[in-house]
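Coordinates in review
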Amino acid sequence: METRRVRDRGRPRSGTTLRPDLSAPEQILDAAAQLFVEGGYSATSTRAIADQVGIRQASLYYHFPSKEHILEALLMRTVSPSIGAARSLQQADADSPARLWALIAYDATQLFQAPHNVGTLYLLPEIRNERFEPFRRERKALRDIYAALIAASIATSVRVDLGPTRGSAEQSSLDYLVDVVFGMVESAIAIRADRAGDDANTLVTTIAQSCLRVLGHTDDPLRTISADGRRILAELTVAQDAAR
């Protein structure tokens, strides 16, 4: 009797998935994020990702042509939501320091509460490759929004400390200040790695308050800034929920 070979249909699985609540691409991204963060990007193969999901390696390639495409998708997810929020917050009914406070809080929350600490992958040497130029461009776009809000939020005392010169020297001082604040926000990545399980809300507030203090806002003004920042952040959350 001739044996007929039956072709697999759909997405054949090699085992039981750990996240049946997610679509196939989301399962792949979730598994890859965990493996990249815990075991290292270079040490993780697409076969290992497929095994973690419970699908065949060929099925993984149906959704993502390569491991680099998976990493790119994960990295983009760390900045794209914050860019959308930043553009909305630029139009919010509040002073610049409050809008900056809200952006810092939103961005740091994204970094703290993502299912896996993907931000730790920012320092991979592979990120410098041309393949990841879209991610680097998105991250720069986010930094540029920070820069505009920071420039509009610097207290007079700090602005004087930037120096009396004009032109490139003053711009360099401002750029350094932007780098400092942007770095403080992304310190959420290292804090999360070192203090897993700590209260995210407390850590987010600490980062936001510290960034505004670096810009010269203290005590009573900072209390007003943070209260306004929380208000417009809550309004943003309501608007995002309504849009879903």
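These numbers were taken from a predicted model, which means no experiment stands behind them.

With that settled, consider the overall build of the chain. Within the chain, the secondary structure is distributed over ten helices and zero strands. Walking the chain from its N terminus toward its C terminus, one meets helices and strands in the order α-α-α-α-α-α-α-α-α-α. Residue burial in the chain is summarised as follows: out of 244 residues, 43% are buried. Summarising the internal contacts of the chain: among those between residues at least 6 apart in sequence, 76% fall at separations of at least 24. Carbon and sulfur atoms provide 51% of the accessible area of the chain, an area that totals close to 13,500 Å².

A few words on the nonpolar core. I70 and I104 are the most contacted members of the largest nonpolar core, which totals 72 residues. Those elements that place two or more of their residues in this core are α1 (24-39), α2 (46-53), α4 (67-89), α5 (96-113), α6 (133-151), α8 (168-194), α9 (200-214) and α10 (219-243). Examining the composition of this core, we find that eleven residues originate from one element, α5, more than from any other. When sequence neighbours within four positions are dropped, the list of residues in contact with I104 reads Y146, V181, V185, I207, A208, C211 and L212.

What follows is about the layout of surface pockets. Space inside the largest pocket adds up to approximately 360 Å³. As for the largest pocket, its lining consists of 20 residues, of which R77, A114, P115, H116 and V118 are closest to the centre. Mapped by element, the contributors of at least two residues to the lining of the largest pocket are α1, α4 and α5. Across the lining of the largest pocket, the residue classes break down as nine nonpolar, six polar and five charged. By volume, the second largest pocket amounts to about 180 Å³. Taken together, Y106, T109, Q110, L233, T237, Q240, D241 and R244 make up the lining of the second largest pocket. Elements with a contribution of two residues or more to the lining of the second largest pocket: α5 and α10.

In total, this model carries three aromatic pairs according to the counting rule given. Judged by centre distance (4.9 Å) and plane angle (70°), the rings of F36 and Y41 are edge-to-face. Accessibility expressed as a relative area gives 1% for F36, which makes it buried. On the basis of relative accessibility, which here comes to 4%, the residue Y41 falls in the buried class. Ring geometry for Y122 versus F135: centroids 5.4 Å apart, planes at 45°, classification tilted. Here Y122, found in the loop between α5 and α6, pairs with F135, found in helix α6; they are 13 residues apart in sequence, far enough to count as distant.

Bringing the pattern of salt bridges into the picture now. For the coordinates displayed, the defined rule picks out eleven salt bridges. Measuring nitrogen to oxygen at the nearest pair gives 2.5 Å for the salt bridge that ties R139 to E186. Linking R139 in helix α6 with E186 in helix α8, this pair joins segments that are 47 residues apart in sequence. The exposure class assigned to R139 is partly exposed, which follows from its relative accessible area of 27%. The partner of K140 in a salt bridge is D144, with the nearest N and O atoms 3.0 Å apart. Of this pair, K140 and D144 both sit in helix α6, four residues apart, which is roughly one turn of that helix. For K140, a relative accessible area of 51% gives the class exposed. Classification of D144 by relative accessible area gives partly exposed; the value is 35%.

This next bit is on the packing of α1 against α2. Axis separation between α1 and α2 bottoms out at 9 Å; the angle between their running directions is 120°. The angle between α1 and α2 falls in the class oblique. Like other packed secondary-structure pairs, α1 and α2 cross with a definite hand, here right-handed. Residue-level inspection shows Q27, I28, A31, A32, Q34, L35 and F36 of α1 in contact with α2, the latter providing A48, I49, Q52 and V53. Of the residues assigned to the contact of α1 with α2, the class counts are eight nonpolar, three polar and no charged.

Between two packed helices, the angle of one axis relative to the other and the distance separating the axes together describe the packing. Close contact between α5 and α10 brings their axes to 8 Å; oriented N to C, the two are set at 60°. Regarding the angle of α5 to α10, the classification is oblique. Both α5 and α10 take part in a crossing whose hand is right-handed. Judged by residue contacts, P97, A98, R99, W101, A102, A105 and Y106 of α5 engage I225, S226, D228, G229, R230, I232, L233, L236 and Q240 from α10. Looking at the contact of α5 with α10 residue by residue, the class counts come to ten nonpolar, three polar and three charged.

Thresholds, definitions, all that
Residues numbered from 1 in each chain as written. Predicted model: local features only at pLDDT ≥ 70, side-chain atom pairs only at ≥ 80, totals over all residues. Heavy atoms only, no water. Helix = DSSP H or I, 4+ residues; strand = E, 2+ residues; numbered from the N terminus. Buried < 20%, exposed > 50% of the residue type's maximum accessible area, 1.4 Å probe, protein only. Contact = heavy atoms within 4.5 Å. Areas by Shrake-Rupley, 256 points an atom, 1.4 Å probe, with all protein chains shown as cover. Core = buried A, V, L, I, M, F, W, Y, C linked by side-chain atoms within 4.5 Å. 1 Å grid on protein atoms, 1.4 Å probe; cavity = no way out; pocket = protein on both sides within 12 Å on 5 of 7 lines; lining within 4 Å. Points joined across faces, edges and corners; volume = space filled by probe spheres on them. Nonpolar A, V, L, I, M, F, W, Y, C, P; charged D, E, K, R; others polar. Phe/Tyr/Trp six-rings, centres within 6.5 Å; stacked < 30°, edge-to-face > 60°. Salt bridge = Lys/Arg side-chain N within 4 Å of Asp/Glu carboxyl O. Axes fitted to C-alpha atoms, helices over the stretch in contact; angles between N-to-C directions. Parallel < 35°, antiparallel > 145°, perpendicular 65-115°, else oblique. Left-handed = near helix turned anticlockwise from the far one by under 90°.

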